[in-house]
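Fold and geometry: a report
Here are the chains, one letter per residue:
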Amino acid sequence: LAFAACGVTGYALADLAYGKGQGGQMLAGMLGRTIASPDAIHMTAVCVINDRGAWLLKRPQDFSPGEIPALAELAQKGALTELYHQSRIQIKDRKSTPPVKPGANFNINRWSLYAAGGTYFLPVSELTGLYINALLEAFDEASGLFIVDERNMLQPAGLKRFAASRGGHLADDPKEGRLLTIQALEACVAEAAAIEQGMMLQNLGLMAQALGLGGFPNFAPHPSAWFEALEFRLQPMAASRYLGMPKALSWLLGLLGKDGAVRYPVGLERNGETLLKTCTPTYYPRMRDAVEAVLQLKDQGFHGGSSWKEAPEKIPVPTRPAVEAAVAYCEYVTQRYGRFPVYNAPLRTVMGFQATYVDLDFYDRFYRPEALSATQRATSSP
């Protein structure tokens, strides 16, 4: 099941790719997974939780280039169990889940969620790397998008010097239809990550059915509950600042002692090792360094292993104007709002998937015989 969710399959163009022309995007890698990812950036990981503990499944960029050929060979041989064991890192030694209660989950899930003997799969999207990757596309000469801040009287979001009206390359004339707000842009990023998670959930559902297991996706978008349960690194911020309240209202809440702290996830660390790192000031001294890290990921991922017999001499890379615009935008957002992104936490869950054996007695009592397949009956029989 874990392999179905996001396993490494080998060298293949199995990813969504954007611009191919001069100045267009460069794939972050040529290593295929069982789910697609924009520009092969692979910023969605999966946590696997069962009665024995919790594990993080590595993404392609979490392996060294030297490890990848052996992993691809295991996939091609069908040695999926061994591949799975080599692809996971234990993060908890006991079952860890949020409570099934209003606010953290829907009431309907209280009947069977986290059932004993089951396995829970939780996709976790790292939005900041995907965000920066999208900015490099948005700000190249071909796209030329211009972003304004809807919370700051629609002023340019750090991009004034890049505006076409000032001799730059970004189309700031509203008539051209290439203006976006920060909120609209971040909604696109969140939706792209959710689609990637959805592909994982579909694979899990199909594989659970094929194996004769029961399984269902369920609500998991609480901003912090899962991250608290799995002991991710959480960062505090005053609620008024986190929600972008006006300064006068923030001051009043503070005066009344009602401006509590919001804790939001920024990374995952264990035993001094960073397992999931966001492109934020928590892990980078400047947002320029975070942007350069995404560029390096794309360059190393592409050249660290591929299906090319001979790689092309010239591979289009993000242009320097696009990079500088991305840096200016990221610096504006973090300086004004104290975090990146503005509307979501850097790490985000949307849906989870529980797989478990089917309760045959329950189905025999309440359902028609054809409700279960022969495979499900065989798998769940004592």
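As shown above, the structure is provided for reference.
One structure accompanies this document, and this report is about it. As the structure is a prediction and not an experimental result, all values here were calculated from the model.

1. A word on the pattern of salt bridges
Taken as a whole and assessed by the stated rule, the structure comprises 15 salt bridges. Among the ionic pairs, Glu73 bridges to Lys77, the shortest N-O distance being 3.2 Å. Here the residue Glu73 and the residue Lys77 both occupy positions in helix H2 (residues 68-77), the gap between them amounting to four residues, near one helical turn. Relative accessible area serves as the criterion here: at 61%, Lys77 is assigned to the exposed category. The network of salt bridges with shared partners includes Lys92, Asp93, Arg94 and Glu231.

2. Quick notes on the nonpolar core
The biggest cluster of nonpolar side chains holds 44 residues, and the ones touching the most others in it are Ile132, Phe139, Leu159, Ile182 and Tyr329. When contributions to this core are tallied by element, the ones reaching two or more residues are helix H4 (127-138), strand E7 (146-149), helix H5 (182-211), helix H9 (287-303) and helix H10 (320-337). The element best represented in this core is H10, accounting for eleven residues. Filtering out sequence-adjacent residues up to four positions away, Phe139 remains in contact with Leu145, Ile147, Leu159, His169, Leu170, Ala322, Ala325, Ala326 and Tyr329. Counting residues in hydrophobic clusters, the runner-up holds 21 residues, among them Ala45, Leu113, Phe232 and Leu275.

3. A look at the packing of aromatic side chains
Summed over the entire model, instances satisfying the criterion amount to 13 aromatic pairs. Grouped by ring-pair contacts, the aromatic residues Tyr131, Phe139, Tyr329 and Phe340 constitute a single cluster.

4. Observations regarding the sheet that holds strand E11 (residues 233-238)
Within the open sheet, the three strands sit side by side as E11-E12-E13. Their pairing is antiparallel. The two strands at the open ends of the sheet, each matched to only one other strand, are E11 and strand E13 (273-277). Strand after strand, the sheet turns through a mean of 40° between neighbouring axes, direction not considered. Where strand E12 (residues 261-270) and E13 come together, four bridges link them in antiparallel fashion. For Arg270, the partnering residue across the bridge sits in E13 and is Glu273.

Conventions and cut-offs
Residues numbered from 1 in each chain as written. Predicted model: local features only at pLDDT ≥ 70, side-chain atom pairs only at ≥ 80, totals over all residues. Heavy atoms only, no water. Salt bridge = Lys/Arg side-chain N within 4 Å of Asp/Glu carboxyl O. Helix = DSSP H or I, 4+ residues; strand = E, 2+ residues; numbered from the N terminus. Buried < 20%, exposed > 50% of the residue type's maximum accessible area, 1.4 Å probe, protein only. Core = buried A, V, L, I, M, F, W, Y, C linked by side-chain atoms within 4.5 Å. Contact = heavy atoms within 4.5 Å. Phe/Tyr/Trp six-rings, centres within 6.5 Å; stacked < 30°, edge-to-face > 60°. Pairing = 2+ DSSP bridges. Axes fitted to C-alpha atoms, helices over the stretch in contact; angles between N-to-C directions.

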